[in-house]
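Chain by chain, the residues:
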Amino acid sequence: MSDILIDSACDLLRALGIVAATFALDGGGDSGESTLATVRYADGREDYRLPELPIALHNDGRPILLGGFLEDYSSDLPDGDWVNNEGGYGTVTIRPLETDPHERVECDMTYRADDDYDDDDYDEDDDPDDPDDPDEPDAMLDAFEIAGTAADDSPDLLPDIAPFEKTAFEEAGA
């Protein structure tokens, strides 16, 4: 169905005198964003909006609008996973005047690798605030050493607590 819709969208773009619509994609983590970057008209002017015209109808009768459809189409076009983990970025350009369907849509993406961020100096294994790090001293032991009492010197560090006594209600068997 999206092939029919992209053909309808391109027909409408041609009728409006639009020669190219470019969407910028940027994603990572668990999300991505596709935004309309430029709309180029045959007369040379550029805009950053598409008219919100219907290109088809959903099964329930709601209109499928040109801008929303092209944004979704552009988001679904890249072959790689540009929204999860390290993600990726790039552009999708739709050229409605192209007669060859392979030339009509251009997708230019770059996918990030694990080391593409500027946090090379940070090593997750050296996190001093990580309580599960076996190489880091236990926070409770640090507290006792600061107070001047090593944990090994005092085997019973808990205050004396009276043993639990049954209430009269419990002794009655209730």
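Residues numbered from 1 in each chain as written. Predicted model: local features only at pLDDT ≥ 70, side-chain atom pairs only at ≥ 80, totals over all residues. Heavy atoms only, no water.

K.L.:
Which residues make up the overall build of the protein, and what are the values?
P.N.:
The helix and strand inventory of the protein stands at five helices and six strands. Moving toward the C terminus, one meets the helices and strands of the protein in the order α-β-β-β-β-α-β-α-β-α-α. Residue burial in the protein is summarised as follows: out of 174 residues, 24% are buried. Taking the intrachain contacts of the protein between residues at least 6 apart in sequence as the baseline, contacts between residues at least 24 apart amount to 52%. Total accessible area on the protein stands at roughly 12500 Å², and carbon and sulfur atoms take up 48% of it. (Helix = DSSP H or I, 4+ residues; strand = E, 2+ residues; numbered from the N terminus. Buried < 20%, exposed > 50% of the residue type's maximum accessible area, 1.4 Å probe, protein only. Contact = heavy atoms within 4.5 Å. Areas by Shrake-Rupley, 256 points an atom, 1.4 Å probe, with all protein chains shown as cover.)

K.L.:
Can you explain the packing of helix α1 (residues 2-15) against helix α2 (residues 66-76)? Please cite residues and give values.
P.N.:
Remark: α1 packs on α2, axes separated minimally by 11 Å, with the N-to-C direction vectors making an angle of 130°. Comparing the axis directions of α1 and α2 gives the class oblique. Once α1 is placed against α2, the crossing between them reads as left-handed. Along its contact with α1, which presents S2, L5, I6, A9, L12 and L13, the element α2 presents L66, F69, L70 and Y73. Split by residue class, the contact of α1 with α2 holds nine nonpolar, one polar and no charged. (Axes fitted to C-alpha atoms, helices over the stretch in contact; angles between N-to-C directions. Parallel < 35°, antiparallel > 145°, perpendicular 65-115°, else oblique. Left-handed = near helix turned anticlockwise from the far one by under 90°. Nonpolar A, V, L, I, M, F, W, Y, C, P; charged D, E, K, R; others polar.)

K.L.:
Give a detailed account of the pattern of salt bridges, specifying residues and quantitative values.
P.N.:
Considering all chains together, one arrives at six salt bridges under this definition. For R49, the salt bridge is made with D47, and the minimal N-O distance between the two is 3.2 Å. Of the residues examined, D47 reaches a relative accessible area of 18% and is grouped as buried. (Salt bridge = Lys/Arg side-chain N within 4 Å of Asp/Glu carboxyl O.)

All we've got here are geometric facts, nothing functional implied.
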